[in-house]
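Single-letter residue listing:
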Amino acid sequence: MNTENEVNIVNRIFLSGEIASELAFSHDVFGEGFHSFDLLVPRLSDASDLLPITISERIIEGNRFSIGEHIGITGQIRSYNNYVEEEGRNRLVLTVFAKDYEFDGDEGDHNPNDVFLDGYICKPPIYRTTPFGREICDLLIAVNRSYNKSDYIPCITWGRNARFGAKLSVGDNIRVWGRMQSRIYQKRQDDGAVVDKTAYEVSVSRIENVKST
């Protein structure tokens, strides 16, 4: 697999888990086809995260991506806007863009869900406490990439990190370390029906303000 220096150092993710869905065609960009599949990534607890992967046909190289097979993915978290007709608005969608992969039955000592981001606060932080008194702060980080594009990545911080995040301002350059997670939530439709939705975000274990490092 690629070394760390070969991956954009402002946006880096490594995932290790089991393929959980068939490889399916996603879209085409200037004649290059992209495919997608879901990856089941274990947490330290008994739970797992089901994360979306996007991969170019150029690096698939005829390999089969079979359900249940173990794979390690190195890449970046990417975002794009998807228009949801029933909601009448764009919705931010996250995916893991695979730059390299390796079929392997054992990830060894490597953290199976490892994220690093270096970006900028692009919305005022949202600080809140749960009914049980747990402190949470939601951050939206813009991470620059080539061709004057940016990825907008939701992050969630807890406890001491939440208090730190609440003091940040739009435009602050920060670095975060953590893991990408999937979260099921319920959304009420206009007709009153309640449907399950999945949100993806980075759960932050460490955060730094670049100006203070």
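In case you missed it, the structure is sitting above this.
As the structure is a prediction and not an experimental result, all values here were calculated from the model.

Caption draft 1: Layout of helix α2 (residues 159-166). Restricting attention to buried positions, one finds in α2 the residues N161, A162 and G165. In a view along the axis of α2, the buried residues occupy a sector of 105 degrees, so they form one face of it.

Caption draft 2: Highlighting the pattern of salt bridges. Per the stated rule, a full pass over the model turns up 10 salt bridges. With a shortest N-O distance of 4.0 Å, D151 and R78 are connected by a salt bridge. In this pair, D151 sits in strand β10 (residues 149-158) while R78 sits in strand β5 (residues 70-84), placing the two residues 73 residues apart along the sequence. The class of D151 is buried, set by a relative accessible area of 1%. Taking the relative accessible area as the measure of exposure, R78 reaches 17% and is therefore buried. E201 is the partner of R183 in a salt bridge, and the nearest nitrogen-oxygen pair spans 3.0 Å. Residue R183 is located in strand β11 (residues 173-188), and its partner E201 is located in strand β12 (residues 194-209); the two are separated by 18 residues in the primary sequence. Given the relative accessible area of 5%, E201 is considered buried. Taken together, the shared-partner salt bridges connect R43, D49 and R179 into one network.

Definitions and limits used
- Residues numbered from 1 in each chain as written.
- Predicted model: local features only at pLDDT ≥ 70, side-chain atom pairs only at ≥ 80, totals over all residues.
- Heavy atoms only, no water.
- Buried < 20%, exposed > 50% of the residue type's maximum accessible area, 1.4 Å probe, protein only.
- Helix = DSSP H or I, 4+ residues; strand = E, 2+ residues; numbered from the N terminus.
- Arc of directions from axis to C-beta.
- Salt bridge = Lys/Arg side-chain N within 4 Å of Asp/Glu carboxyl O.

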